[in-house]
Amino acid sequence: MSNIQDKVVIITGASSGIGEATAKELAVKGAKLVLAARREDRLKKLQEEIQSNGGQAVYKVTDVTKYEQVEELAAFALKKFGTIDVLINNAGVMPHSFLYKKKVEDWDKMIDVNIKGVLYGIAAVLPTMRERKSGHIINLSSVAGHFVGAGSTVYAGTKFAVRAISEGLRKEEYANNIRTTIISPGAVDTELPSAITDMDLKPGIDEIYKGAIAADRIARAIAFAIEMPGDTAINEMIIRPTRQE
Ligand code: NDP
């Protein structure tokens, strides 16, 4: 039996891309899924697809930048399934731009979704995981959490922060038997780059994303981390297209 069977897994940003692919991958392996994002039509469609294939999924419309909504998401998961085994903090935005263009609203959005959203998720599930002395928190960083490129400064800042928060979380909670995993993808074929409005960056981004890999590759890496026996934590994985620099 897979170590994923019957695990209760919350996925934020489940309405597209990596989150959606991960939901499908884990559903086939028997997880009980709690799907979260803002676009209800997408969540409903995914839930129906998973259920029609014999999987288990519920959804809750959630904006991860709203602390109360993330707390409500965790409470919803506990009510529906009685426990939370895994939280995948996957929701993220990437409106790259050069600093001098002063796209302050985009900076705020990245900080709110990519950093605060991750912290709110951690805050919402830690009490129950600490009480049970069991749990797994998976945070989506990026290769931009390791290297900074011109134009990706703020996004990279948020993804460096995700890695710092994940490592701090690990140090604080490993003794409580809570596993932490950082997933750092390279270019993955999703809607993520569509938020970029700085046209000076478009050609470079288009070039990088020409070689993007399918989202199921990241989903499979996430499943691998969850599948490991409970005494083993995969703390970080970098997953790039083979031909990405
Ligand atoms: P997508 O744009 O396809 O998915 C992003 C998801 O985040 C959507 O489901 C979106 O749902 C959700 N989201 C955005 N804002 C919020 C919010 N305020 N509240 C709740 N959900 C929100 O991109 P990816 O699948 O590629 O991105 C997933 C993660 O992977 C991100 O953290 C991203 O930074 C990371 N990543 C992606 C890479 C790539 O090349 N694609 C590379 C490296 C890292 P909705 O709009 O319905 O709320």
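Residues numbered from 1 in each chain as written. Predicted model: local features only at pLDDT ≥ 70, side-chain atom pairs only at ≥ 80, totals over all residues.

In the annotation of an unreviewed UniProt entry, the entry for the protein reads Oxidoreductase, and the organism field reads Weizmannia acidilactici. Heading Sequence similarities (unreviewed entry) of the UniProt record for the protein holds this comment: "Belongs to the short-chain dehydrogenases/reductases (SDR) family." (UniProt positions renumbered as here; feature names shortened; annotations may be inferred.)

Q: So what's going on with the overall build of the protein? Which residues, and what values?
A: Across its full length, the protein holds seven helices and seven strands. Secondary structure of the protein in N-to-C order comes out as β-α-β-α-β-α-β-α-β-α-β-α-α-β. Taken over the C-alpha trace, the protein has a radius of gyration of 17 Å; the compact-globule value for 245 residues is 18 Å, and the two agree within 12%. Along the first, second and third principal axes, the C-alpha atoms of the protein reach 50 × 40 × 35 Å. Expressed as a percentage of its 245 residues, the buried residues of the protein come to 44%. Restricting the contact set of the protein to residue pairs at least 6 apart, pairs at least 24 apart contribute 72%. (Helix = DSSP H or I, 4+ residues; strand = E, 2+ residues; numbered from the N terminus. Rg over C-alpha atoms; globule rule 2.2 N^0.38 Å. Buried ≥ 20, exposed ≤ 12 C-beta atoms within 10 Å, placed from the backbone. Contact = placed C-beta atoms within 7 Å.)

Q: Tell me about the site of the ligand, and name the residues and values.
A: Taken together, 29 residues lie around the ligand, and Gly13, Gly17, Arg38, Arg39 and Gly92 are the ones closest in. At three residues, helix H1 (residues 17-28) tops the list of elements feeding residues into the shell around the ligand. Counted by class, the shell around the ligand contains 12 nonpolar, 12 polar and five charged residues. (Near = placed C-beta within 6 Å. Nonpolar A, V, L, I, M, F, W, Y, C, P; charged D, E, K, R; others polar.)

Q: Pulling in residues and values, what's your account of the packing of helix H3 (residues 67-81) against helix H4 (residues 104-132)?
A: Helix-helix packing is described using two parameters, namely the angle between the two axes and the distance between the axes. Relative orientation of the contacting elements H3 and H4 amounts to 35°, with a least axis distance of 8 Å. Crossing of H3 against H4: the hand is right-handed. Along its contact with H3, which presents Tyr67, Val70, Glu71, Leu73, Ala74 and Leu78, the element H4 presents Tyr120, Gly121, Ala124, Val125 and Thr128. Looking at the contact of H3 with H4 residue by residue, the class counts come to eight nonpolar, two polar and one charged. (Axes fitted to C-alpha atoms, helices over the stretch in contact; angles between N-to-C directions. Left-handed = near helix turned anticlockwise from the far one by under 90°.)

Q: Summarise the sheet that holds strand S3 (residues 56-61); cite the residues concerned and give the values.
A: Paired through backbone hydrogen bonds, the strands of a sheet run either parallel or antiparallel to each other. Strands sit in the order S3-S2-S1-S4-S5-S6-S7 across an open sheet of seven strands; the sheet is parallel. Because the sheet does not close on itself, it has two edges, and the strands there are S3 and strand S7 (236-239). Strand-to-strand, the axes of this sheet are offset by a mean angle of 15°, without reference to chain direction. Judged from the six bridges that link them, strand S5 (residues 135-140) and strand S6 (residues 178-185) form a sheet pairing that is parallel. Bridge pairing in S6 places isoleucine 138 opposite threonine 181. In this fold helix H2 (residues 40-52) packs onto strand S2 (32-37) and S3, with an angle of close to 170° to the strand it touches most, S3. (Pairing = 2+ DSSP bridges.)

Q: Just give me the short version of the UniProt feature "domain: Ketoreductase" (unreviewed entry) in the protein, but keep the residues and values in it.
A: Following the UniProt record, one finds the feature "domain: Ketoreductase" (unreviewed entry) at residues 7-191. Structurally, residues 7-191 comprises 49% helix and 19% strand, and the distance from its first C-alpha atom to its last is 28 Å.

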